[in-house]
Amino acid sequence: MDKIAVLIPCYNEEKTIAKVVSDVKKFLPQAVAYVYDNNSTDRTVELATEAGAIVRYEYAQGKGNVIRRMFREIDAECYLMIDGDDTYPLDCAQEMVDRVLQHQADMVVGDRLSSTYFTENKRPFHNFGNSLMRAGINSLFHANIKDIMTGYRAFSYEFVKTFPVFSKGFEIETEMTIHAVNYNMQVENVVVEYRDRPQGSESKLNTYSDGFRVIRKMMQLYKNYKPLHFFGMLALLLIAVSAILFVPVFLEYLNTGLVPRFPTLIACGFILLAGIQSFFAGMMLEVMAAKDRKDFEYRLNCVHGEHQVRKGL
């Protein structure tokens, strides 16, 4: 088991990967740097190897797939994940690692949004999307995460070995954040500097398609982790629609004693029934979600015990 494993997912990062690996060796000399190549067609693998990194491969395209492979294969007391595009200075890396090793944090978030992100990043829709996701997740899950989409994070062994990776692409950061918040894991924020990509280095993130996937992932996890809230709001919406449609029918009945718009009345009944069913579905799923949280605590205790044994060995 490594003391500190630095995980660097890469796809065509030949312009920056050597510097990132060199910075890891400079600021975290006790760490082992792992570069996971995701079907690069440039010299990323060659340059990472020359810089002293251990290079491994993930052939299923997508950042989520790479992180699944990393978490499955690497055993370490502390994991530091950083992008290979040299947008994150490593002078904060030791502080982030110490939060895990000495302060028992499960996930440490490298907070770009509280420093230079909005001035350095040249894509305004990315700025808006980051702010939107931060506001949305913090309000829906009652959290205080400063940067949802950052790729600069540190993790404990317990987090990595109990985190089920379902995302295939860039929505993986959203999944990590919501997982930690939902299961009441210790999350801490460290303000880090951000610098835009150097000239000639291109982002793999598509503003619109990947942005839509991130929002969809947030709503999917909200439904899965807080079903009573999700289906309760859906029930209220359906009941409100039913009431709005029913009011003119009812008023007309009071005035004339007739119901000329009988199809509308039938529609109101079905919509009301759907709202009631939605509410009870949320209640049943909430019981299942509570059981899942209990089962997770058991798994977490098992992984923690395994971690202590392996450290002792």
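The structure displayed is predicted, hence computed values, not measured ones.

Explain the pairing of strand β7 (residues 187-191) to me, please; I cannot follow it from the model alone.
For a regular strand, side-chain orientation follows a simple rule: the groups alternate between the two sheet faces. Residues Glu-188 and Val-190 of β7 are buried on one face, while the alternating residues Val-187, Asn-189 and Val-191, pointing to the opposite face, are not. Bridge analysis of strand β5 (residues 107-111) against β7 gives five bridges, and the strand direction is parallel. Counted as the bridge partner of Gly-110 is Val-190 from β7.

Where do I start with the pattern of salt bridges in this structure?
Two side chains with opposite charge may pair up if their charged atoms get near one another. The full count for this structure, using the stated rule, is 18 salt bridges. Salt-bridge contacts for Lys-19 lead to Asp-86; the nearest nitrogen and oxygen are separated by 3.5 Å. Of this pair, Lys-19 sits in helix α1 (residues 17-27) while Asp-86 sits in the loop between β4 (76-81) and α4 (93-101), and the two are 67 residues apart along the sequence. Among the salt bridges present, the one from Glu-286 reaches Arg-293, with a minimum N-O distance of 3.9 Å. By relative accessible area, which is 23% here, Glu-286 ends up partly exposed. Of the residues examined, Arg-293 reaches a relative accessible area of 27% and is grouped as partly exposed. Here the salt bridges share partners, and the residues they tie into one network are Lys-19, Asp-23, Asp-86 and Arg-195.

Could you clarify how one ought to interpret the pairing of strand β3 (residues 54-57) in this entry?
Looking at chain direction, strand β2 (residues 32-37) and β3 are connected through four bridges and run parallel. Within β3, the residue paired with Tyr-36 across the bridge is Arg-56. Crossover connection from β2 via helix α2 (residues 44-51) to parallel β3: handedness right-handed.

About the cut-offs
Residues numbered from 1 in each chain as written. Predicted model: local features only at pLDDT ≥ 70, side-chain atom pairs only at ≥ 80, totals over all residues. Heavy atoms only, no water. Buried < 20%, exposed > 50% of the residue type's maximum accessible area, 1.4 Å probe, protein only. Helix = DSSP H or I, 4+ residues; strand = E, 2+ residues; numbered from the N terminus. Pairing = 2+ DSSP bridges. Salt bridge = Lys/Arg side-chain N within 4 Å of Asp/Glu carboxyl O. Right-handed = clockwise from strand over helix to strand, strands pointing away.

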